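Below, each chain spelled out in residue letters.
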Amino acid sequence: MQNINEKILILDFGSQVTQLIARRVREIGVYCEILPFNSSVEKVKDFNPKGIILGGSPHSVYSETAPIPKFDVFSLGLPVLGICYGLQLIAYTLEGNVDRAAKREFGKALLHIKNNEDIFAGVEQDSQVWMSHGDSLTEPPAGFEIIATTDNSPLCAVRNTERQIWGVQFHPEVHHTLQGKLILENFVRNICKCTETWSAESFIENEIKRIKELVGDDEVICGLSGGVDSTVAAVLIHRAIGDQLKCIHVDSGLMRLNESEEIDRLFKENFNMNIEVVNAEELFLGELNGVSDPERKRKIIGKAFIDVFDESAQKLKNAKWLAQGTLYPDVIESVSVNGPSATIKSHHNVGGLPEKMGLKLLEPFRELFKDEVRAVGRKLGIPEWFIERHPFPGPGLGIRILGEVSKEKADLLRKADAIYIEEIRKAGLYNDIWQAFAVLLPVKSVGVMGDERTYEFTCAVRAVTSTDGMTADWFPMPYDVLANISSRIINEVRGINRVVYDITSKPPGTIEWE
Ligand code: XMP
């Protein structure tokens, strides 16, 4: 937990947008964390928040499985804001009335404000809000007044200033609620009186101090994948403990064009940090030889990675810590309605490594979201082209060469991918796309180049928009950009004679092809 005194607690009742509340509050510059609804009162008191936000939920307060806190949230003497289900929970607990038979309401509505004080200070009349609820409030609890309505919700927002409780039916955390951020800011800054500012600078300052104290004279090992999270973690830890940090980069032979060299140069030139680059191409490609099943390939790559990393790390006798770029969304104990989700793909990072190596974990970003890590990276002086890089999966090109992997195929794909990304950058589209990459298909087709017949591989190019990789839409790439990509790949990469564009969303597709 960060060394910060003024914090907001968000109780999670299972809504898919609970994390968005946390992100908005952090954007406002106030530190917050999410805890499951069934956390103990001791845990809440230990966190010591200045206010509590009750999030949404797919449940009705009347359902048998309704998530209800184990303690009386309203008697802690802290300001409370209930959002959607949170509002219904206020009414249910304090004996108002919630109508189960109400019509479901989903989408935009206009907020008619009756009272512009506190939570709605500065919010315009008829401001657009976003609704998504089944049950509705029909009678506020005693002592509550109605402070806003919409055409379909006569009790859209209520308050009890004496008890410091506010409730809104709409979702202020989503973009479609145009002044939602102002409403949350009114709550956390004006009502809860959080003045301390959470920012990239304050995080860096606190974290450097914390790492120094925690690590002392020990050595720390950090695996650099070339991804943003591990890179920013390494630079931050280096600021704290200098050359007690030992970085290892495993070149699996499945990296993008010149990637390992770029990583090495970035660290040496920009940060005067030494990293050990281990060339393990032969091992990885040897282990993958003849294997075409995607899950087996993933497992083989994961194991080879751990073996190589472990061997290099063994040489660092004084190392006691393993640094990882774990992010907050991986740490939050989400309240899932449907239980744990089925494994679609076995994701590979360095799971299992710390136990195997007997090292303690150093995870400076356990409480940060991805955009916050990027902000920290910028403040630490990491160049923008690196910070904004699209995500790249742990198994690398191994899962973008469909079927059997070989060095020849990896070289073809590296060239095609580099051209594709170069053209996207040239067209000024790189930052509009969440992830773009080329895939080599195990399909040969006939073509004609000059007067000669060709029989070569097919390359698929994919670009998606997304916010977290959980769902994605294919990107509407302009025709002229597609034309450049196709003609350059076919002209410049001997071995590929056909290019196709992937127009599959997720779901039903996944982002990667394997
Ligand atoms: P999928 O293909 O599951 O991918 O839709 C969602 C996001 O995750 C990335 N991805 C991985 N990242 N290790 C990673 O670190 C992996 O094994 C892995 N597999 C997929 C993928 O690139 C996309 O951003």
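Scoring rules and cut-offs
- Residues numbered from 1 in each chain as written.
- Predicted model: local features only at pLDDT ≥ 70, side-chain atom pairs only at ≥ 80, totals over all residues.
- Heavy atoms only, no water.
- Helix = DSSP H or I, 4+ residues; strand = E, 2+ residues; numbered from the N terminus.
- Rg over C-alpha atoms; globule rule 2.2 N^0.38 Å.
- Buried < 20%, exposed > 50% of the residue type's maximum accessible area, 1.4 Å probe, protein only.
- Contact = heavy atoms within 4.5 Å.
- Lys, Arg positive; Asp, Glu negative; His and termini not counted.
- Charge placed at Lys NZ, Arg CZ, Asp CG, Glu CD.
- Expected span 1.5 Å × (residues − 1).
- Arc of directions from axis to C-beta.
- Polar contact = N/O pair within 3.5 Å; in protein donor to acceptor, adjacent residues only side chain to side chain.
- Pairing = 2+ DSSP bridges.
- 1 Å grid on protein atoms, 1.4 Å probe; cavity = no way out; pocket = protein on both sides within 12 Å on 5 of 7 lines; lining within 4 Å.
- Points joined across faces, edges and corners; volume = space filled by probe spheres on them.
- Nonpolar A, V, L, I, M, F, W, Y, C, P; charged D, E, K, R; others polar.
- Domains from an automatic or database assignment.
- Salt bridge = Lys/Arg side-chain N within 4 Å of Asp/Glu carboxyl O.
- Axes fitted to C-alpha atoms, helices over the stretch in contact; angles between N-to-C directions.

Side note on the overall build of the protein
Logical step 1: Looking only at helices and strands, the protein features 15 helices and 20 strands.
Logical step 2: What you see for the protein is a C-alpha radius of gyration of 26 Å, in line with the 24 Å of a compact globule of 514 residues.
Logical step 3: Residues classed as buried in the protein amount to 56% of the 514 residues present.
Logical step 4: Long-range contacts, defined as pairs at least 24 residues apart, comprise 76% of the intrachain contacts of the protein with a sequence gap of at least 6.
Logical step 5: Seen as two clouds, the 57 positive and the 73 negative side-chain charges of the protein have centres 2 Å apart.

Considerations on helix α7 (residues 259-271)
An α-helical turn contains 3.6 residues, so a residue and the one three or four places further along point in the same direction.
Logical step 1: The terminal C-alpha atoms of α7, which comprises 13 residues, lie 17 Å apart, in line with the 18 Å expected from a rise of 1.5 Å per residue.
Logical step 2: Of the residues making up α7, those classed as buried are Glu259, Ser260, Ile263, Asp264, Leu266, Phe267 and Phe271. Buried residues of α7, seen end-on, are gathered within an arc of 155 degrees and therefore sit on one face of the element.
Logical step 3: Where the residues of α7 are buried, they touch α6 (228-241), β13 (245-251), β14 (275-279) and α13 (384-387).
Logical step 4: Directly after α7, the chain includes asparagine 272, whose backbone phi takes a positive value near 55 degrees.

Side note on the side chain of arginine 488
Logical step 1: Looking at the secondary structure, you find arginine 488 in helix α15 (residues 479-492).
Logical step 2: Within the local environment of arginine 488, its side chain forms a polar contact with the side chain of glutamate 422, the two groups lying 3.2 Å apart.
Logical step 3: For arginine 488, the side chain forms a polar contact with the side chain of glutamate 492, separated by 2.7 Å.
Logical step 4: Excluding residues within four positions of it along the chain, arginine 488 makes contact with Ile419, Glu422, Glu423, Lys426 and Val493.

What to know about the pairing of strand β9 (residues 145-149)
Logical step 1: Of the strand pairs in this sheet, strand β6 (residues 105-113) and β9 are connected by two bridges, and their pairing is antiparallel. By the bridge assignment, isoleucine 113 is partnered in β9 with alanine 148.
Logical step 2: By the bridge criterion, three bridges tie β9 to strand β10 (residues 157-160) in an arrangement that is antiparallel. By the bridge assignment, isoleucine 146 is partnered in β10 with valine 158.

Some remarks on the layout of surface pockets
Logical step 1: Approximately 440 Å³ is the volume found for the second largest pocket.
Logical step 2: For the second largest pocket, the lining is made up of 18 residues, of which Leu257, Glu262, Arg389, Ile421 and Arg425 are closest to its centre.
Logical step 3: The element best represented in the lining of the second largest pocket is helix α14 (residues 407-426), accounting for five residues.
Logical step 4: Looking at the lining of the second largest pocket residue by residue, the classes come out as eight nonpolar, two polar and eight charged.
Logical step 5: Each of two domains, domain 2 (200-387) and domain 3 (406-501), supplies a minimum of three residues to the lining of the second largest pocket.

Some points on the environment of lysine 303
Logical step 1: Assignment of secondary structure puts lysine 303 in helix α9 (residues 294-314).
Logical step 2: The exposure class of lysine 303 is exposed, given its relative accessible area of 52%.
Logical step 3: Considering only alpha carbons, one finds lysine 303 and phenylalanine 284, 19 residues apart in sequence, at a separation of 9.6 Å.
Logical step 4: Only 2.8 Å separates the side chain of lysine 303 from the side chain of aspartate 307, close enough to count as a polar contact.

Some details on the domain arrangement of the protein
Logical step 1: Segmentation of the protein into domains returns domain 1 (7-191), domain 2 (200-387) and domain 3 (406-501).
Logical step 2: For domain 1 and domain 3, the distance between their C-alpha centres works out to 46 Å.

Examining the pattern of salt bridges
For side chains of opposite charge, pairing can occur when their charged atoms come near one another.
Logical step 1: Under the definition given, this model contains 30 salt bridges.
Logical step 2: With a shortest N-O distance of 3.7 Å, aspartate 371 and arginine 23 are connected by a salt bridge. Placement of aspartate 371 in helix α12 (residues 370-379) and of arginine 23 in helix α1 (residues 18-27) is noted, with a sequence separation of 348 residues between them.
Logical step 3: On the accessibility criterion, aspartate 371 (34% relative accessible area) is partly exposed.
Logical step 4: The partner of glutamate 117 in a salt bridge is arginine 159, with the nearest N and O atoms 3.1 Å apart. Highlighted residues: glutamate 117 in the loop between β6 and β7 (127-133) and arginine 159 in strand β10, separated in sequence by 42 residues.
Logical step 5: The class of arginine 159 is buried, set by a relative accessible area of 5%.

Notes on the sheet that holds strand β12 (residues 219-223)
Logical step 1: As summarised here, the arrangement of the five strands in space is β14-β13-β12-β15-β16, forming an open sheet in which the pairing is parallel. Whereas interior strands pair on both sides, the edge strands pair on one side only; in this sheet they are β14 and β16 (360-362). Within this sheet the neighbouring strands show an average axis-to-axis angle of 30 degrees, counted without direction.
Logical step 2: One ladder, built from four bridges, connects β12 with strand β15 (residues 319-323); its direction is parallel. Within β15, the position partnered with valine 220 by the bridge is tryptophan 321.
Logical step 3: In the packing of α6 onto the sheet, the strands contacted are β12, β13, β15 and β16, and the crossing angle to β13 comes to about 155 degrees.
Logical step 4: Along the sheet face, α7 touches β13 and β14 and points at about 170 degrees away from the line of β14.

Examining the environment of glutamate 145
Logical step 1: Relative to the assigned elements, glutamate 145 resides in strand β9.
Logical step 2: With relative accessibility at 34%, the residue glutamate 145 sits in the partly exposed group.
Logical step 3: When the C-alpha positions of glutamate 145 and leucine 155 are compared, they lie 9.3 Å apart, and in sequence the two are 10 residues distant.
Logical step 4: Excluding its chain neighbours within four sequence positions, the residues that come into contact with glutamate 145 are Asn115, Ala157, Val158 and Arg159.
Logical step 5: There is a polar contact of 2.8 Å between the side chain of glutamate 145 and the side chain of arginine 159.

Thoughts on unusual backbone geometry
Logical step 1: In this structure, the amide linkage connecting lysine 506 to the following residue, proline 507, adopts the cis form with an omega of -15 degrees.
Logical step 2: The residue proline 507 is located in the segment after β20 (496-501) in this model.
Logical step 3: The omega angle of the peptide bond from proline 507 to proline 508 is 10 degrees, so this bond is cis rather than trans.
Logical step 4: Even without glycine at this site, glutamine 164 takes up a positive phi of about 60 degrees.
Logical step 5: When you line up the elements, glutamine 164 lands in the loop between β10 and β11 (165-168).

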